[in-house]
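# Observations on chain architecture
Each chain, written out:
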Amino acid sequence: MNILIVEDESRIAKRIERMTRSIFGNTLQSLTHISTLHRALQFIENNTLDLVLLDLNLNGHNGFDLLTTAVSGSFHTIIISAYKDQAITAFEYGVLDFVSKPFNRERLEQALNKAITKEKIETNEVKFLAVKKRHRIQLIPIEDLLYVKGAGPYTELFLTEEKKELHDKSLEKLEQLLSYSFERIHKSYLVKMSEIKEIIVESGSKYIAELKNGERIPIGRTKYKDIKAKWL
């Protein structure tokens, strides 16, 4: 696990670092602390990460300027901030958790365990997925997302009006964030359940989810019964 702590108060950063090392133990490969927005952005662009722990106030700079970049990455982001009023917005952007300051070890461990155990986020708070474009970050409304297809370490987002975008997060990580309205119907597909018009059984024990736009997505044999029950 490669982790970046973005926190401008050295005392709190050392506390987070100490707790994080204790919680992850030998599974921790690297742990880096950065206190400024600019350096954090550079580090994210040039390093492979699994998790970012981000404060929303960095020497007077707004951490949301970094958050939009962070959530577009392949890693998960956990906010650690005293600005509780920003929690809803942070979740809308697709963070894994929001830990309010002051916090104890138990609360931080609860948040970090979501990254370790791949616990699903059973809420409908995620409103956007941030996608990297050439010179900017584009926020894709979840309401426009029909299904997600795994593409190696990346994913393809299939949207309304036949649009498609590439996301840096894996299918597993997006499944964690979107599990309230999307289901993993196949090892390679995550589908919005409300978009399924019909479930079809074809010869040879092939199962198909036909979407409202006419697209047909395979359903894994081991997932058919569960998906049909949830759809009905």
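Residues numbered from 1 in each chain as written. Predicted model: local features only at pLDDT ≥ 70, side-chain atom pairs only at ≥ 80, totals over all residues. Heavy atoms only, no water.

Turning our attention to the packing of aromatic side chains. Taken as a whole and judged by the stated rule, the model has 5 aromatic pairs. These aromatic residues form a ring-pair network of at least three members: F64, Y93 and F128. Across the ring face of F103, the terminal group of R15 is positioned such that the distance to the ring centre comes to 4.7 Å. (Phe/Tyr/Trp six-rings, centres within 6.5 Å; stacked < 30°, edge-to-face > 60°. Lys NZ or Arg CZ within 6 Å of the ring centre and 35° of its normal.)

One finds L51, L53, I78 and L178 to be the most contacted residues of the largest nonpolar core, which totals 37 residues. Here L51 is in contact with M1, N2, I3, L4, F24, F75, H76, T77, I78, L112 and A115, once residues within four sequence places are set aside. Within the second largest apolar cluster, 26 residues are counted, among which are L4, L37, V52 and A87. (Core = buried A, V, L, I, M, F, W, Y, C linked by side-chain atoms within 4.5 Å. Buried < 20%, exposed > 50% of the residue type's maximum accessible area, 1.4 Å probe, protein only. Contact = heavy atoms within 4.5 Å.)

What follows deals with the confidence of the model for the protein chain. Summing up the model confidence of the protein chain, the mean pLDDT is 93 and the portion of residues at 70 or higher is 99%. Averaged over each element, pLDDT in the protein chain is lowest for strand β5 (residues 61–62) (83) and highest for strand β14 (residues 189–192) (98). (pLDDT = per-residue confidence, 0-100. Helix = DSSP H or I, 4+ residues; strand = E, 2+ residues; numbered from the N terminus.)

Reading across from one edge, β12-β11-β10-β14-β13 is the order of the 5 strands in this open sheet, with antiparallel pairing throughout. Every other strand in the sheet has two partners, leaving β12 (164–167) and β13 (182–186) as the edge strands with one partner each. Averaged over neighbouring strand pairs, the angle between their axes works out to 25 degrees when direction is ignored. Bridge count for strand β10 (residues 145–151) against β14 is 3 bridges, and the pairing is antiparallel. Pairing of K149 across the sheet is with Y189, part of β14. (Pairing = 2+ DSSP bridges. Axes fitted to C-alpha atoms, helices over the stretch in contact; angles between N-to-C directions.)

Right, let's get into the pattern of salt bridges. If you walk through the whole model with that rule in mind, you get 17 salt bridges. The residue R21 makes a salt bridge to E17 at a minimum N-O spacing of 3.3 Å. In this pair, R21 and E17 are both assigned in helix α1 (residues 10–24), 4 residues apart and thus about one turn of the helix distant. Between E183 and K230 there is a salt bridge whose closest N-O contact spans 3.3 Å. Separated by 47 residues along the polypeptide, E183 in strand β13 and K230 in helix α7 (residues 224–231) bring together distant segments of the chain. Taking the relative accessible area as the measure of exposure, K230 reaches 46% and is therefore partly exposed. Each of K197, E202, E210 and R216 takes part in salt bridges that share partners, so that together they form one network. (Salt bridge = Lys/Arg side-chain N within 4 Å of Asp/Glu carboxyl O.)

This part covers unusual backbone geometry. Only a minority of non-glycine residues have a phi that is not negative, and only a minority of peptide bonds are not trans. For the bond running from K101 to P102, omega is -5 degrees, close enough to zero to count as cis. As for its position among the elements, P102 is in the loop between β7 (97–100) and α5 (105–117). If you check the backbone angles, N59 has positive phi at about 50 degrees while not being a glycine. Structurally, the position occupied by N59 is in the loop between β4 (57–58) and β5. Classification of N59 by relative accessible area gives partly exposed; the value is 47%. In the Ramachandran plot, S205 falls in the positive-phi region, its phi being about 55 degrees despite a non-glycine side chain. The topology assignment puts S205 in the loop between β15 (196–202) and β16 (206–211).

As defined by bridge partners, β15 adjoins β16 across 6 bridges and the pair is classed as antiparallel. Looking at β16, one finds that E202 is bridged to K206. Hairpin connection, β15 to β16: the antiparallel pair is bridged by 3 residues, and G204 has positive phi, about 80 degrees.

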